[in-house]
Amino acid sequence: MNPYDRTTMTGKGALLRSCLTLFPALLIAHSAPAAQLVPEKSEIRFVAKQMNVPVDGVFKKFKADINFNGGAPETGKAQLTADVASFDMGLPDVEAEVKRPAWFDSAKFPAATFVSNGVKALGGNKYEVAGKLTIKGISRDITVPFTLTPQSGGNGLAEGAFTIKRLDYRIGEGTWSDTDTVANEVQVRFKLQLTGLATK
Amino acid sequence: MSDTSRPSRYTRTAISLHWIIALIILAGFSLGLYMHDLPLSPQKLKYYSWHKWIGITIFLLAVLRVAWRLAHPAPALPATMSLWQRKAAVVSHGLLYVLILVIPITGWLYSSASGVKVVYLGLVPLPDLVSANKPLAAALKLVHKTLNFTLAAIVVMHAAAALKHHLIDRDDVLVRMLPFVKSRSR
């Protein structure tokens, strides 16, 4: 039903009807507005294991475009971009190394991105988002479980973790591809503080 | 042996601990010297892990050793030694015991302050003694290094004194700490 056709009709009844039709349409259009990321309360952290020593770090700069409505989670969309050069482990020599071509090659591939292509509700506050993770120009399909804890005032905290294999993205080439020293599995943990989330 | 409370030789346990710890310290010290300015590589990370495992091993053996020493008095020093030599021996032995306990802890502290957990033998995660803190890490690095060179200097004096006892004084001070050798008759 196209509400614009109705507005061409004359008479109060037709106008009222068209308003009534238009209103839900507007609601639907607004059902998944862009949520805003609160960067200072959000974090993308990764944990790598080096000789079984967990070594963790964060990406200090990242942004997220997220549309999510708890009432219709399957319409949710997320696009995250991390500035790989903002990598911080508190170990300057490691940070310098990791920007080099054998690792992230941040000069050539400054951003790591995740673009969702579907969200599934798993019950409660649990969801799963499928999408494409691109690091160092290499894309892989991944699924990421997360919880979205609603807070007052349309705020919410999205948290989750997933594990990638660094060699799938050619992170750590050459001598670094030795997984006895730096394990292939790298865990990524994220905590995204969102505001302006649509409620049901 | 007239005085039963002061044996003429160190016990076999004390001798074993002395030489095992000495060898492991030599390995750990050499590795530390070699690895610290290598460019970052998987090999360097391995060396750092090994160095930490060595340090923790030294600490554990040093605890055993000190406990053993407290329970088993050392043989008396030869009567021919002058007072200053006796004092020097007591002080240097005391410092050696303190350093082999303290140096591993400064390394562990340095690792914690650098934000890198120590996982003994890649199996046992040890608690972080302090939280990550760059200025503290830099200070602890200096402390760890300085104490190691202090240890090295005392070890050189210790070995030189032992050789002097053996070759010049011709007493049994060296031999009583040697494995597989009988003491010279007094």
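Residues numbered from 1 in each chain as written. Chains lettered and ligands numbered in written order. Predicted model: local features only at pLDDT ≥ 70, side-chain atom pairs only at ≥ 80, totals over all residues. Heavy atoms only, no water.

Chemist: Can you tell me about the interface of chain A and chain B, naming the residues and giving the values?
Modeler: Across the contact, 16 residues belong to chain A and 14 residues belong to chain B. Summing the contributions of chain A and of chain B, the shared interface buries around 1,400 Å²; its carbon and sulfur component is 69%. Three residues, A:M51, A:V53 and A:W176, lead the burial of chain A against chain B; their summed loss comes to 36% of the area buried on that side. One salt bridge connects A:D178 with B:K46, and the closest N-O pair in it is separated by 3.6 Å. Our count for the contact surface shared by chain A and chain B stands at 1 residue pair in polar contact (both at pLDDT 80 or more). Among the elements of the structure, β3 (53-59) and α3 (92-98) of chain A are those that each provide at least two residues to the side of chain A that touches chain B. The element best represented in the side of chain A that touches chain B is α3(A), accounting for 4 residues. Of the residues in the side of chain A that touches chain B, the class split is 8 nonpolar, 5 polar and 3 charged. (Contact = heavy atoms within 4.5 Å. Buried area = accessible area lost by both parts, 1.4 Å probe. Salt bridge = Lys/Arg side-chain N within 4 Å of Asp/Glu carboxyl O. Polar contact = N/O pair within 3.5 Å; in protein donor to acceptor, adjacent residues only side chain to side chain. Helix = DSSP H or I, 4+ residues; strand = E, 2+ residues; numbered from the N terminus. Nonpolar A, V, L, I, M, F, W, Y, C, P; charged D, E, K, R; others polar.)

Chemist: Which residues make up unusual backbone geometry, and what are the values?
Modeler: Residues and elements named next belong to chain A. Even without glycine at this site, M51 takes up a positive phi of about 50°. A positive phi angle is found at K136, which is not glycine, with a value near 55°. By relative accessible area, K136 is classed as buried at 6%. (Buried < 20%, exposed > 50% of the residue type's maximum accessible area, 1.4 Å probe, protein only.)

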